[in-house]
Amino acid sequence: LRARLVKVAAWEGEAAKVAGVKADLRALHELYKDAEALRIALPAADELRERYLAAKKWMGTVNNQLLRRTAKRAQASGITKPSIADVENLITEAGTLMLDASEIEQVEARLHEAKAWREQAAALLAPDAPLGEAQLAELARKFPSQPLPAMAHVRAPTTSSHRH
C-alpha cells in the first residue's frame, strides 16, 4: 500500500508540472497511461484524461482535415474542408487545451494562406476586375494548395469597345 501511495504522489507531482502550462500530446499520453495504470480515482487524473482525449481528437481533426494528403481523399468521399472560421476555432481550441504542437504553426500558416487567397480571389472577382487564365494561373502559382474554380464558371475579361 505504501509503495502505491508513493507512486500516486509521484504521478501527482508529474501531473502538476503540466497543469496550467503548455504540454505536448506525448507528455499528456504518458501521464494518461500512468494514471490508468494506477487505477485510483483522482480529480487531477480525470482532468488530465479529458485534456488528453480532447488534444488527441484535435490532432486527429487537424491531421485528417488539413495537413495530411488523405484530406484530399476525405474531400473526394464527401467530407467538406473546414472553413476559415472552423480553422480559427481549431487554433483557439489548441490554446484552450494548452497544447504544444508543431501542427499549430502549420494550421496558422494554412489559415494565413487561405485568408490571403480569399482576399486575392475577391479582388480578382470584383465586378470591374478581368478574370482569365492569366489571373487563375497567378492564383494557382501563389496558392498551390487551394482549389481553383473550373474555367466554365469564370468570367472572361470584357471589352468596352462597341461598334456603331
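Owing to the predicted nature of the structure, the values given are computational and were not obtained by experimental measurement. (Residues numbered from 1 in each chain as written. Predicted model: local features only at pLDDT ≥ 70, side-chain atom pairs only at ≥ 80, totals over all residues. Heavy atoms only, no water.)

Structural notes on the packing of helix α1 (residues 2-18) against helix α2 (residues 25-38)
What counts here: Here, axes are lines fitted to C-alpha atoms. For helices the fit covers the stretch in contact, and angles between N-to-C directions go from 0 to 180 degrees. Labels follow the DSSP assignment, with helices taken as runs of H or I lasting at least four residues and strands as runs of E lasting at least two, numbered in each case from the N terminus. To sort the angles, those under 35 degrees are grouped as roughly parallel, those over 145 as roughly antiparallel, those from 65 to 115 as roughly perpendicular, and the leftovers as oblique. Take the far helix as the reference: if the near one is turned anticlockwise from it by less than a right angle, the crossing is left-handed, and if turned clockwise, right-handed. Throughout, a residue-residue contact means that at least one pair of heavy atoms, one from each residue, lies within 4.5 Å. For this classification, Asp, Glu, Lys and Arg are treated as charged, while Ala, Val, Leu, Ile, Met, Phe, Trp, Tyr, Cys and Pro are nonpolar and the rest, including Gly, are polar.
Look at α1 against α2: their axes get within 11 Å of each other, and the N-to-C directions meet at 155°. As judged from the angle between their axes, α1 and α2 are roughly antiparallel. For the pair α1 and α2, the crossing hand works out as left-handed. Packed against α1, whose contacting residues are R4, K7, V8, W11, E14, A15 and V18, the element α2 presents L28, L31, D34, A35 and L38 at the interface. For the contact of α1 with α2, a count of residues per class yields 8 nonpolar, no polar and 4 charged.

Focus on the pattern of salt bridges
Here is the rule: The rule for a salt bridge is simple: a side-chain nitrogen of Lys or Arg has to be within 4 Å of a carboxyl oxygen of Asp or Glu. The buried label applies to any residue whose accessible area, calculated with a 1.4 Å probe on protein chains only, is under 20% of its type's maximum; exposed applies above 50%, and partly exposed to all values in between.
Taken as a whole and assessed by the stated rule, the structure comprises 4 salt bridges. For K17, the salt bridge goes to E14, with nearest N and O atoms at 3.0 Å. With K17 and E14 both in helix α1 and 3 residues apart, this pair spans about one turn of that helix. Residue classification places E14 among the partly exposed residues on the basis of a relative accessible area of 39%. When the shortest N-O distance is used, the salt bridge between R49 and D46 registers 3.2 Å. Of this pair, R49 and D46 both sit in helix α3 (residues 43-67), 3 residues apart, which is roughly one turn of that helix. Overall, D46 belongs to the partly exposed group, its relative accessible area being 35%.

Overview of α3
Worth spelling out the cut-off: An expected span of 1.5 Å times one less than the residue number is assigned to each helix.
With 25 residues, α3 extends 34 Å between its outermost C-alpha atoms, agreeing within 8% with the 36 Å of an ideal straight helix rising 1.5 Å per residue. For α3, the set of buried residues is A45, L48, R51, Y52, A55, W58, M59, V62, N63, L66 and L67.

The analysis is restricted to geometry; functional conclusions fall outside its scope.
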